[in-house]
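The lines below spell out each chain.
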Amino acid sequence: MAQSGLASALADYIAIQTHASHVQVEDFNRLSGGAIQDNYALSLLLEGGDQPGRQHYVVRCDAPSGVSASLTRPQEFAVLKQAFGAGVTVPQPFWLCDDKRVIGQSFYVMSRAAGTASPQKLVGGELSEAQGSELARQFGRELGRLHQIRPPVSGLAFLAVPAGSAARTRIDLYRDYLAAIDEPHPVLEWALNWLEDNQPDSGPLTLCHCDFRTGNYMVDQGRLTAMLDWEFATWSDPAEDLGWLCSRSWRFGADDREVGGIGHKSDLFSGYEEATGETPDPNRVAYWEVMALVRWAMIALQQAGRHLSGEQSSLELALTGRMLPQMEYDLLQQISERSNAKGTGIPL
Amino acid sequence: MKTSRPEAGDLLATARQELLDTLLPEVSGALKYQVLMSANAMKIAGREIEAGVSTEQQALDGIRRLYAELLPESADNANEQSLADDIRRRRLANDNAQLYELLMNITRSKLLISNPKYLKDR
């Protein structure tokens, strides 16, 4: 569908949903940064109905080639509604349209959050020390609220509850994935063995975002305005979200600020405690930081695979494949540090 | 003696310099990012050409030495694939210091090609 046709089809759809008597498209453009789905910013002038006046929406559609591991738009919409209902700062989910006659694919409409998601701006000096610290605390509160959602939840039945522990499920998945690709990755095999041998006690499962990191949230004037990109959400160990956010891969050069290059774990953990009454176990989070490196390595392998197979020739995907040694190097260092701390020495 | 000159590495380096000196100043925004990515890819390819087969040979030598010591019966056909397999099957102990050192050396040599700055930053 041509861009202008798409804009007016979406505008008409929203006018019907809000019972507006008239609608005018003020602005419409494609947002960057969605490999799996297409996102559009849509500004409308609505007359009458439930949302009169100038409104700013984001429309999220399925892209033609979905990644099998991620949620569909209807599933993602259901997760977003749960998170919104639990008081997590997310874009307000408005309407899901599963009728493919409207624009040719499923989509949903949500409110547009103010601010920026750019890691370069957020890590690169836009925030003061105090703002970074408060933001890390807010991350903790947001995740704490999200982690209050526990299975079973009607409306989220499509999310499979892992049969074993969350860690075991991840390890098995990544082993299967490594076995299926036709190239050796000894460091990743070694790291998976370590993850298998050092699994934390199986704890309660909660709803986890599973991709909450710098780049996937919006910040306006030092405040988080929306957690974005819910397509990997699932039932997991709550420490997975904390570990992913703290992974070395997402600090964008600010290595000393271990929470996404923004703030410190003490802030993150105290925010988490404010929301849940529980302090996260630092060892458990560190375990999931190692898991995060393995997971990012798996994603990099998949992205490189899309380029190598000819499915999607892309310099960016190709270069992501060459990032693998970075994750491997961090894995070797971090596992060695963890082992030394426990006195089961793998010397450096 | 090679008769096709300048050689591949020289061509790549010269093309990359051209990209950075003449094209980069003329573009902005997303295009700038595309040019920098292209220059980075050419830099990596250049380093790989320069290293030649020596990096892979060094890794293979390291793997053979480890096998000679730890799994001599499998040393003849040892390579990166058998290393990965034997780690997964736990034929090589995960906490073995020599194994760790080998994995670190292999990873360092890969980083020296793909992103040497990463080694300095850590």
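It should be emphasised that the depicted structure is a prediction, and the values quoted were computed from it without experimental measurement.

A. Fine view of the environment of Leu6 of chain A. Residues and elements named next belong to chain A. Structurally, Leu6 can be placed in helix α1 (residues 3-18). The class of Leu6 is buried, set by a relative accessible area of 7%. Placed 96 residues apart in sequence, Leu6 and Val102 show a C-alpha to C-alpha distance of 9.0 Å. The contacts of Leu6, once residues within four sequence positions are left out, are Met1, Phe28, Tyr40 and Ile103.

B. Main features of the packing of aromatic side chains. Inspection of every chain in the model, using the stated rule, returns 15 aromatic pairs over all chains. Taking 5.4 Å as the distance between ring centres and 90° as the angle between the ring planes, the aromatic pair formed by Phe139 of chain A and Phe212 of chain A counts as edge-to-face. Of this pair, Phe139 of chain A sits in helix α4 (residues 129-146) while Phe212 of chain A sits in the loop between β6 (206-208) and β7 (217-220), and the two are 73 residues apart along the sequence. We note that Phe139 of chain A, like Phe212 of chain A, is buried. Note on Trp190 of chain A and Tyr100 of chain B: the rings are 5.7 Å apart at their centroids and 55° apart in plane angle, and the pair reads as tilted. One end of the pair, Trp190 of chain A, is in helix α6 (residues 186-197); the other, Tyr100 of chain B, is in helix α5 (residues 97-114), on a second chain. Aromatic ring contacts, followed pair by pair, group Tyr57, Phe94 and Trp95 of chain A into a single cluster. Sitting over the ring of Phe232 of chain A, Arg295 of chain A keeps its end group 5.7 Å from the ring centre. Of note, Arg295 of chain A hangs over the ring of Trp244 of chain A, and the distance from its end group to the ring centre comes to 4.3 Å.

C. The side chain of Glu240 of chain A, seen in detail. With respect to the helices, strands and loops of the structure, Glu240 of chain A is situated in helix α7 (residues 238-246). With residues up to four places along the chain from it excluded, the contact list for Glu240 of chain A reads Arg170, Cys210, Trp288 and Arg295 of chain A.

D. Geometry of the confidence of the model for chain B. Per-residue confidence for chain B gives a mean pLDDT of 94, with 98% of residues at or over 70. Interface confidence in the predicted complex, given as ipTM, is 0.95; pTM for the same model is 0.93.

E. Up close: the domain arrangement of chain B. Residues and elements named next belong to chain B. Taken as a whole, chain B is organised into domain 1 (8-51) and domain 2 (55-120). Placing a centre on the C-alpha atoms of domain 1 and another on those of domain 2 gives a separation of 32 Å. Taken together, the two surfaces of domain 1 and domain 2 that pack against each other cover about 380 Å², and 58% of this comes from carbon and sulfur. Of all residues in domain 1, Ile44, Arg47 and Ala51 give up the largest surface area on contact with domain 2, accounting jointly for 85% of the area buried on that side. Across the domain 1-domain 2 interface, the total number found is zero salt bridges. Linking domain 1 with domain 2 are one residue pair in polar contact (both at pLDDT 80 or more).

F. Fine view of the environment of Val90 of chain A. Inspection of the secondary structure puts Val90 of chain A in the loop between α2 (73-85) and β4 (93-97). The contact partners of Val90 of chain A, leaving out residues within four places of it in the chain, are Leu80, Ala83, Phe84, Ala226, Met227 and Trp230 of chain A.

G. Spatial organisation of the packing of helix α3 (residues 54-70) of chain B against α5 of chain B. Residues and elements named next belong to chain B. It is the contact of α3 with α5, at a shortest axis distance of 10 Å, that shows an interaxial angle of 175°. Taken together, α3 and α5 sit at an angle that is classed as roughly antiparallel. Contacts from Thr55, Ala59, Gly62, Ile63, Leu66, Glu69 and Leu70 of α3 reach α5 at Gln98, Leu99, Leu102, Ile106, Ser109 and Ile113. For the contact of α3 with α5, the per-class residue count stands at eight nonpolar, four polar and one charged.

Reading the values: the criteria
Residues numbered from 1 in each chain as written. Chains lettered and ligands numbered in written order. Predicted model: local features only at pLDDT ≥ 70, side-chain atom pairs only at ≥ 80, totals over all residues. Heavy atoms only, no water. Helix = DSSP H or I, 4+ residues; strand = E, 2+ residues; numbered from the N terminus. Buried < 20%, exposed > 50% of the residue type's maximum accessible area, 1.4 Å probe, protein only. Contact = heavy atoms within 4.5 Å. Phe/Tyr/Trp six-rings, centres within 6.5 Å; stacked < 30°, edge-to-face > 60°. Lys NZ or Arg CZ within 6 Å of the ring centre and 35° of its normal. pLDDT = per-residue confidence, 0-100. Domains from an automatic or database assignment. Buried area = accessible area lost by both parts, 1.4 Å probe. Salt bridge = Lys/Arg side-chain N within 4 Å of Asp/Glu carboxyl O. Polar contact = N/O pair within 3.5 Å; in protein donor to acceptor, adjacent residues only side chain to side chain. Axes fitted to C-alpha atoms, helices over the stretch in contact; angles between N-to-C directions. Parallel < 35°, antiparallel > 145°, perpendicular 65-115°, else oblique. Nonpolar A, V, L, I, M, F, W, Y, C, P; charged D, E, K, R; others polar.

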